[in-house]
Every structure is written in structure tokens, then in C-alpha cells.
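Read off the chains here:
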Amino acid sequence: MSPEDWAALRRQLTGRLILPGEPGYDLLCRPFNALCDDRVPAAIVRCAGPEDVRRCLDLAAGSGTPVAARSGGHSYPAYSTPRDGLVVDLRDLADVEVRADGVAVVGAGTRLVEVATALAGAGRCLPLGSCPTVGLAGLTLGGGIGMLDRAFGLTADRLRSARVVLPDGRLVTASPDSEPDLFWALRGGGGGNFGVVVSFEFATEAAPDLAVFAMDFPAGSAVEVFGGWQEWITRVPSRMWANCTLTGGAAVGCRVVGCWVGGPDAGRSLLAELVRSVGTSPGQGMFRAADFLTATRHFAGCSEIPPACCRLRDEGGVLPRVGFVASSRVLTRPVGAAALVGLLEGSEGVVVEVDPLGGVIAEVDAAATAFPHRSAFATAQVYATATAEDRVHRTRLVFEVQRGPGRTRGHRGVHQLSRPGPIRLGDRQLRPQPRATARDRTALRPGRRSRLPTGPGLTRPI
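Description of the structure in this document. Being a predicted model, the structure only gives us computed values, none of them experimental.

**Thoughts on the overall build of the protein chain**
Stage number 1. Looking only at helices and strands, one finds 13 helices and 19 strands in the protein chain.
Stage number 2. Taken over 462 residues, the protein chain has a buried fraction of 55%.
Stage number 3. Partitioning the intrachain contacts of the protein chain with sequence separation of at least 6 by distance along the chain shows that 72% fall at a separation of at least 24.
Stage number 4. Carbon together with sulfur atoms contributes 51% to the accessible area of the protein chain, which is approximately 18,600 Å² in total.

In C-alpha cells:
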């Protein structure tokens, strides 16, 4: 791209084009994962609306420039920040409107804490993730796992429609009645190969009474606690969500945190069953009633700070960016507790967070959306903070833990692209992908020929 090309794009935009060396570039180019600061884009466009998105795609397609949409920038290897490419930054598309009928219209660049705050003000809720600075678009397009998903379904399950700029520049509305195959693909398919979503419509729920809790179990009890938790979570009501986190080291740590939808007495009773199942009492514990926003801020780690501060420092808040390596797995069924804990022994600083599925998630037909894991038991995130100096070592530890359970039973990878470490995608983001062929689209929906839009592949906004 020449300076003249960028100048021409700047004249066409309502939003802002930011090039290297210009004010704001050094902050805007940085993804959430500080280990990926070497991914330096050629330009960033802060889009003011769908027309800006269209102009970005036109320019990228005509020049062969790698392009990626960015909502929150939280993908593990920073896919939404392409090296020497164009970042279609959706941050300014962050309006939230909650209608009288409970439908919420949300811009694709809205952060999760902003969504929760707006919904709570209207007495409504959605199943959302726990990280406050994640963008809503990346969460929804990947399915949307969080503390209320067992009770109310995935974030994508609440989607009524989405406005999408297609690779050919058209702005369409995907819904059950308009572009139904595109609508199917947007609900959990990830990848973002079919366009850039600029806004969503969700069917919300009336905000219920909740309770949040945490239990820290003593060192040396991880095998018993994780094994007991796996048995317990499969039989509790869908209104109960609780994950189990294992922390590697000489003695593997174990913590159970979660959220109960309903009155506190019933929630406490179910947790007492868990303690009886594992045969070990927690060393420390907490249980308290909460409304939707309080619970969201609790899981976000923002309970003790003003709401305006629950954002990244780069955006005027107090939350830091983090350097890390991470990967994820889908567990099709409970796994051997001793085997998983054994993998973490001596792996100082490696964390495995196991989030349960089931409940309402499993009630949706597997062919109804692009989310393929309806019958799965849980997801597992394997994570370790890292610096440039110890990145190689940390990546090796994470990879060993992530792939280790696959040698036993009940595991499969979420996606090929969830593996740790950087993956070079920039040189093929604007080329037609094999997954977009008619044959593959038909294979995605057995017995039916889909009519998904073809064209250049795009990375999903995360």
C-alpha cells in the first residue's frame, strides 16, 4: 500500500485512519496479549459505521492487504492484529439499546462489562463471559460460554439477528428469515469467514436473583476435589454453574467458583452436596447473594473498583494487559482426575480452568447452530502468564498439559486455531478458503445445500 492509497482511504472514511507514527497508533495497535506486541499492523481504521467497514474491505481486496476485524482484541495469538495488515477496529460501534420488549441491540465493538451494565439498568440479562474487556462480537461468534450458559444457553443462542458487511460490500441482516444459512454460521461457527458483523439483536431475559460463591480446597486434595466435582456437576440443576480450576506446582491447587440462579438456601444445599462428594472441606469459602451486574463485576474482578475503571489502562481504566500463552480443549465426558492433576505437578504457574457445559446448552439440537459441542461435558482452558524471556518454556508447559489428556480419553481440540503460539495467517486472510466451498458448506449442514456468501476469508472479530 502506498501513501497515496492510504490518503485516498482517509478521504472516504467517516471514522479515523491511524497509521504508524500518528497519534494514538502505539496504543491502538496493541492486542490484549502483551506477548503479541510484535504483530504490528500497517494501519488501523476506527470504523464509524458499516460504510467504513465496506471501504476497508474494498481496499484490502483490491490490494491484497491482510485484513482482520477487531472487537476486543482478546484472541490468544492476536489474530485480530495482522502483521502489516489492516485492522478494522469496531470499538466505536458500542451503542446498547434495550427495547421495551426485552430485545437488546448491541454494537459489535461493545465490551462485555458495558453490555452487562446497560442490560442491568433495564432489569435484563444475557449469558456473557467473565472477562470485562472482551468484545461481544468475538464471544458471540464463537458460541459464548459463561456463568449463565447452563441456565439460559450460549450467548449465540440468544441471537435474533445480526447486521453483516459481506466481502462484496453488501450490508445484510442475517436472521431465521433473512440469510438463514449465514445466520446459522454466525452462531458459534467462529472463524468469521463470511463477513464483518457490525451489530447484533439479542433476546434477553429478566434479570434473576443470583448468588456467587468460591471454595478454595487444601493442597493435596486436587484429585479428590476434581473427581468429585465432575460427578457432582453432571447431576445438579441447570441453574447451577460452577467451574473447577487447577493450578500447577509442587502441590496442585484446586478452586471451585460459580453462580447459582435462585434463592440462597437451595444454592447452599447443592454446595454442601459437593463437599460431601469430594470428602474434603474447603479451607476458605464465600457465598453471597448478588444481582446480575454485581455477579458480572465479581467474576470480572471489578467488584472493588468504580465501574468506569473496569476497562484496560489503554482505554482509561485500571486493568492491565497480560502476556500469556494459552490453549483450549473440549472434554466430551469426564476425565481421569489423577491423570490431569499429574500433568500439572511441577508445572509451576500453569492453570487449567474447566468450565461445565450441559444444561440448556445441551437442549438445543446439534444441527440448529454452528456450535458443534452440544453434547460435550466441559471446556478446558490451559493458561500460563509469560514474558518474552520465558515464552518458549511456558509454551512448552502449556502444550504438554493441553495435549496430555488427549492420550487418555474424552478430549478433542476446540479448533485447530486454539493451539498455543503464534500462527501466520496474514498472507491468506483475503484468499478464498476451502471451508467456503459449496461442498464443505453442504457438509456442515447434512441433507441441505447452504447458501452462505462466498468471497475472501476474514478473521472473526475478537
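**A closer look at the packing of aromatic side chains**
Aromatic ring pairs are defined here through the distance separating the ring centres and the angle between the ring planes.
Stage number 1. Applying the stated rule across the entire model yields 8 aromatic pairs.
Stage number 2. Members of the aromatic cluster, connected to one another through ring pairs, are Phe32, Tyr76, Phe324 and Tyr383.

**Points about the sheet that holds strand 8 (residues 159-165)**
Stage number 1. The strand order 5-6-10-8-9 describes an open sheet built from 5 strands, whose pairing is antiparallel. The sheet terminates laterally at strand 5 (96-98) and strand 9 (171-174), the two strands that pair on one side only. Going across the sheet, the axis of each strand differs from the next one's by a mean of 15°, ignoring polarity.
Stage number 2. Here 6 bridges tie strand 8 to strand 10 (residues 196-203), and the two strands are oriented antiparallel to one another. For Leu159, the partnering residue across the bridge sits in strand 10 and is Phe202.

**What to know about the sheet that holds strand 4 (residues 86-89)**
Stage number 1. What the 4 strands build is an open sheet, ordered 1-2-4-3; its pairing is mixed. At either end of the open sheet lies a strand with only one pairing partner, and these are strand 1 (16-18) and strand 3 (67-70). Each strand of the sheet is rotated relative to its neighbour by a mean of 20°, with strand direction disregarded.
Stage number 2. The pairing of strand 3 with strand 4 spans 4 bridges and is classified as parallel. From the neighbouring strand, Arg70 faces strand 4, where its bridge partner is Asp89.
Stage number 3. Docked against the sheet, helix 3 (residues 50-63) engages strand 2 (43-46), strand 3 and strand 4, running at close to 165° with respect to strand 4.

**A few points about the state of the cysteines**
Stage number 1. A full pass over the atoms with the stated rule returns 1 disulfide.
Stage number 2. The disulfide that involves Cys302 links it to Cys310, with 2.0 Å between the sulfurs. The sign of the S-S torsion, about 70°, decides the handedness of the disulfide formed by Cys302 and Cys310: right-handed.
Stage number 3. Residue classification places Cys302 among the buried positions, given a relative accessible area of 0%.
Stage number 4. We note that Cys125 lacks a disulfide partner, and the nearest cysteine sulfur, in Cys259, lies 9.6 Å from it.
Stage number 5. For Cys125, a relative accessible area of 0% puts it in the buried group.
Stage number 6. Cys131 takes part in no disulfide bond, and the closest cysteine sulfur to it belongs to Cys310, at a distance of 8.6 Å.
Stage number 7. Of the residues examined, Cys131 reaches a relative accessible area of 28% and is grouped as partly exposed.

**Quick notes on the nonpolar core**
Stage number 1. Ranked by internal contacts, the top residues of the largest apolar core, which has 68 residues, are Val53, Leu128, Leu136, Leu148, Phe200 and Phe292.
Stage number 2. Excluding residues that lie within four positions of it along the chain, Leu148 makes contacts with Cys125, Leu126, Pro127, Gly153, Leu210, Cys259, Val261 and Phe292.
Stage number 3. Counting residues in hydrophobic clusters, the runner-up holds 44 residues, among them Val256, Trp260, Ala384 and Val398.

**Examining the pattern of salt bridges**
Stage number 1. One pass over the structure, following the stated rule, counts 24 salt bridges.
Stage number 2. Measuring nitrogen to oxygen at the nearest pair gives 3.7 Å for the salt bridge that ties Arg394 to Asp390.
Stage number 3. With a relative accessible area of 24%, Asp390 lands in the partly exposed category.
Stage number 4. One network of salt bridges, in which partners are shared, links Arg30, Asp37, Asp314 and Arg321.

**Details of the side chain of Thr110**
Stage number 1. Among the secondary structure elements, Thr110 is positioned in the loop between strand 6 (103-107) and helix 4 (112-121).
Stage number 2. For Thr110, a relative accessible area of 0% translates into the label buried.
Stage number 3. Among the polar contacts listed, one links the side chain of Thr110 to the backbone oxygen of Gly107, at a separation of 2.8 Å.
Stage number 4. Filtering out sequence-adjacent residues up to four positions away, Thr110 remains in contact with Arg91, Leu93, Ala94, Asp95, Val96, Val115, Val134, Gly135 and Leu136.

**What to know about helix 4**
Stage number 1. Those residues of helix 4 that fall on the buried side of the exposure criterion are Leu112, Val113, Val115, Ala116 and Leu119. Each buried residue of helix 4 sits inside an arc of 155° when the element is viewed along its axis, so together they form one side.
Stage number 2. Next to the buried residues of helix 4 lie strand 5, strand 6, strand 7 (124-125), helix 5 (136-141) and helix 10 (292-299).
Stage number 3. In the stretch just after helix 4, Gly123 is the one whose phi turns positive, near 75°.

What counts, and at which threshold
Numbers given to residues run from 1 along each chain, matching the order in which its sequence is written. For a predicted model such as this one, the threshold for reporting local features is a pLDDT of at least 70, and the threshold for listing and counting side-chain atom pairs is 80 or more; totals across whole chains, interfaces and linings nevertheless cover every residue. Side-chain figures throughout are based on the complete set of non-hydrogen atoms in the structure, without hydrogens or water. Under the scheme used here, helices are H or I runs from DSSP no shorter than 4 residues and strands are E runs no shorter than 2 residues, and both carry numbers assigned from the N terminus. The rule is simple: take the accessible area with a 1.4 Å probe, protein chains only, and divide by the maximum for that residue type; under 20% is buried, over 50% is exposed, in between is partly exposed. Whether two residues touch is decided by their heavy atoms; if any such pair falls within 4.5 Å, the residues are in contact. Here the open area of atoms and residues is found with the Shrake-Rupley method and a 1.4 Å probe, where only the protein chains shown may cover a residue. By convention, a stacked pair of Phe, Tyr or Trp rings (six-membered ring in the case of Trp) has centres within 6.5 Å and planes under 30 degrees apart, an edge-to-face pair has planes over 60 apart, and any other such pair is tilted. Two strands qualify as a pair provided that DSSP identifies no fewer than 2 bridges between them. All axes here are fitted lines through C-alpha atoms, helices being fitted over the stretch that makes contact, and every angle between N-to-C directions spans 0 to 180 degrees. The criterion for a disulfide is a pair of cysteine sulfur atoms lying within 2.5 Å. Here the nonpolar core consists of buried residues drawn from Ala, Val, Leu, Ile, Met, Phe, Trp, Tyr and Cys, with membership extended through side-chain atoms lying within 4.5 Å. Just to be clear on terms, a salt bridge is a Lys or Arg side-chain nitrogen sitting within 4 Å of an Asp or Glu carboxyl oxygen. N or O atoms closer than or at 3.5 Å make up a polar contact, with two conditions inside protein: a donor-capable atom paired with an acceptor-capable one, and, for residues adjacent in sequence, both atoms drawn from side chains. Taken from the helix axis, the directions to the C-beta atoms give the arc we talk about.

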